[in-house]
Amino acid sequence: MTKFLIILCSLFLIVILSTFNPISFNSRLTLFKIKDIEIENTQVIKKENLHNLFDSKLYSTSLISVNEDKILEILKNNQLIKSIEIKKIYPYKLKIKVYEKKPIAILNNKKDTFYLTKKGEEIRYFNNEILTNLPRIFGSQKNFLEIYSSLVDLDFPITDIKSFYYFDIGRWDIILKNSKTIKLPVTNFNESLKNYKDLKKNFDFEKYTIFDYRIKDQLILN
């Protein structure tokens, strides 16, 4: 009888082991499968694009195994994303809060085009309706952030600016959307910007299109 039981158990194990599929076994035992992914806080990036990306990578995977490193790995090719936060809502929902970098201008440097962020980071250009109205920089971005910081400190209406032109001697021209040009000096450009902002309130200066501050302590109007 004992011998018969041993043979029977051996046959049973052979059948079980020959039909065991660890992949299908694991898939049946996946706990807390993700069925709903919610994207929050996007300003520039289209939510639809992120949804499609995350659905393709995370849908039906386990909520337990998801972490920030895994999400950032999925987003590694998106330079516009600064950081993310995730929240797991059991049994099946994942919330992803996205923090984007803030482009302040479009940099045209020779044949290359980039978005320039507040921290001076260059992001490869891509078509985007929201960013298309950013002012453009022609030439180098050298000391541009100093100019931009001065404009912000003076509460200068940056949305009125069409473009910035850098010259190799180290100075800038600012072209406004109303076709006026501010020619800044190499140094002390803060005073020039402040002076232009004050003059802007005076209607007598509306007829002029060029405000030339290149010569120290002088303003040439044209």
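Scope of this entry: the structure provided in the associated data block. (Residues numbered from 1 in each chain as written. Predicted model: local features only at pLDDT ≥ 70, side-chain atom pairs only at ≥ 80, totals over all residues. Heavy atoms only, no water.)

**Looking at the overall build of the protein chain**
A tally of regular secondary structure across the protein chain gives six helices and 12 strands. Taken over 222 residues, the protein chain has a buried fraction of 33%. (Helix = DSSP H or I, 4+ residues; strand = E, 2+ residues; numbered from the N terminus. Buried < 20%, exposed > 50% of the residue type's maximum accessible area, 1.4 Å probe, protein only.)

**Some details on the packing of aromatic side chains**
According to the stated counting rule, one finds 12 aromatic pairs in the structure shown. Ring geometry for Phe32 and Tyr90: centres 4.9 Å apart, planes at 75 degrees, overall edge-to-face. Note that Phe32 is positioned in the loop between helix H2 (22–28) and strand S1 (36–40) and Tyr90 in the loop between strand S2 (81–89) and strand S3 (93–100), a separation of 58 residues in sequence. An aromatic cluster of three or more residues is present, and its members are Phe144, Tyr148, Phe164, Tyr166 and Trp172. (Phe/Tyr/Trp six-rings, centres within 6.5 Å; stacked < 30°, edge-to-face > 60°.)

**Some thoughts on unusual backbone geometry**
With an omega dihedral of 20 degrees, the bond running from Tyr90 to Pro91 counts as a cis peptide bond. Within the secondary structure, Pro91 is located in the loop between S2 and S3. Phi angles above zero are rare outside glycine, and Asn41 is one such case at about 75 degrees. You can see Asn41 is positioned in the loop between S1 and helix H3 (47–58). According to the relative accessible area criterion, Asn41 is partly exposed, its value standing at 31%. Backbone geometry at Ser60 places phi at a positive 75 degrees, although glycine is not the residue there. Within the secondary structure, Ser60 sits in the loop between H3 and helix H4 (68–74).

**Here's the deal with the sheet that holds strand S8 (residues 161–167)**
Reading across from one edge, S6-S5-S4-S7-S8-S9-S10-S11-S12 is the order of the nine strands in this open sheet, with mixed pairing throughout. Each having just a single partner strand, strand S6 (122–124) and strand S12 (220–221) make up the two edges of the open sheet. Bridge count for strand S5 (residues 112–117) against S6 is three bridges, and the pairing is antiparallel. Bridged to Leu116 within S6 is Glu122. (Pairing = 2+ DSSP bridges.)

**Observations concerning the side chain of Ser62**
The topology assignment puts Ser62 in the loop between H3 and H4. Judged by relative accessible area, Ser62 falls into the buried class, the value being 15%. When neighbours within four sequence positions are excluded, Ser62 is seen to be in contact with Thr30, Leu31, Phe32 and Ile34. (Contact = heavy atoms within 4.5 Å.)

**Concerning the pairing of S2**
Sheet topology note: the S2/S3 ladder contains eight bridges and is antiparallel. Each bridged residue has a counterpart across the sheet, and for Ile86 the counterpart in S3 is Ile96. Hairpin connection from S2 to S3: three residues lie between these consecutive antiparallel strands.

**Here we look at the nonpolar core**
Across soluble globular proteins, nonpolar side chains show a tendency to be buried alongside one another. Phe144, Leu151, Phe164 and Ile174 are the most contacted members of the largest nonpolar core, which totals 27 residues. Those residues in contact with Phe144 that lie beyond four places of it in its chain are Ile104, Ala105, Leu116, Ile137, Phe164 and Trp172. Counting residues in each nonpolar core, the second largest holds 24 residues, with Leu50, Leu75, Ile106 and Leu131 among its members. (Core = buried A, V, L, I, M, F, W, Y, C linked by side-chain atoms within 4.5 Å.)

**Observations concerning the environment of Ile34**
For Ile34, the position within the fold is in the loop between H2 and S1. With a relative accessible area of 0%, Ile34 lands in the buried category. Taking the C-alpha atoms as reference points, Ile34 and Lys93, separated by 59 residues in sequence, lie 5.9 Å from one another. Aside from chain neighbours lying at most four places away, what touches Ile34 is Leu58, Tyr59, Ser60, Thr61, Ser62, Leu63, Val66, Tyr92 and Leu94.

**Quick notes on the environment of Phe189**
Tracing the sequence through the fold places Phe189 in helix H6 (residues 189–200). When the C-alpha atoms of Phe189 and Glu146 are compared, they prove to be 9.7 Å apart, with 43 residues separating the residues in sequence. Aside from chain neighbours lying at most four places away, what touches Phe189 is Asn143, Glu146, Ile147, Ser150 and Leu184.

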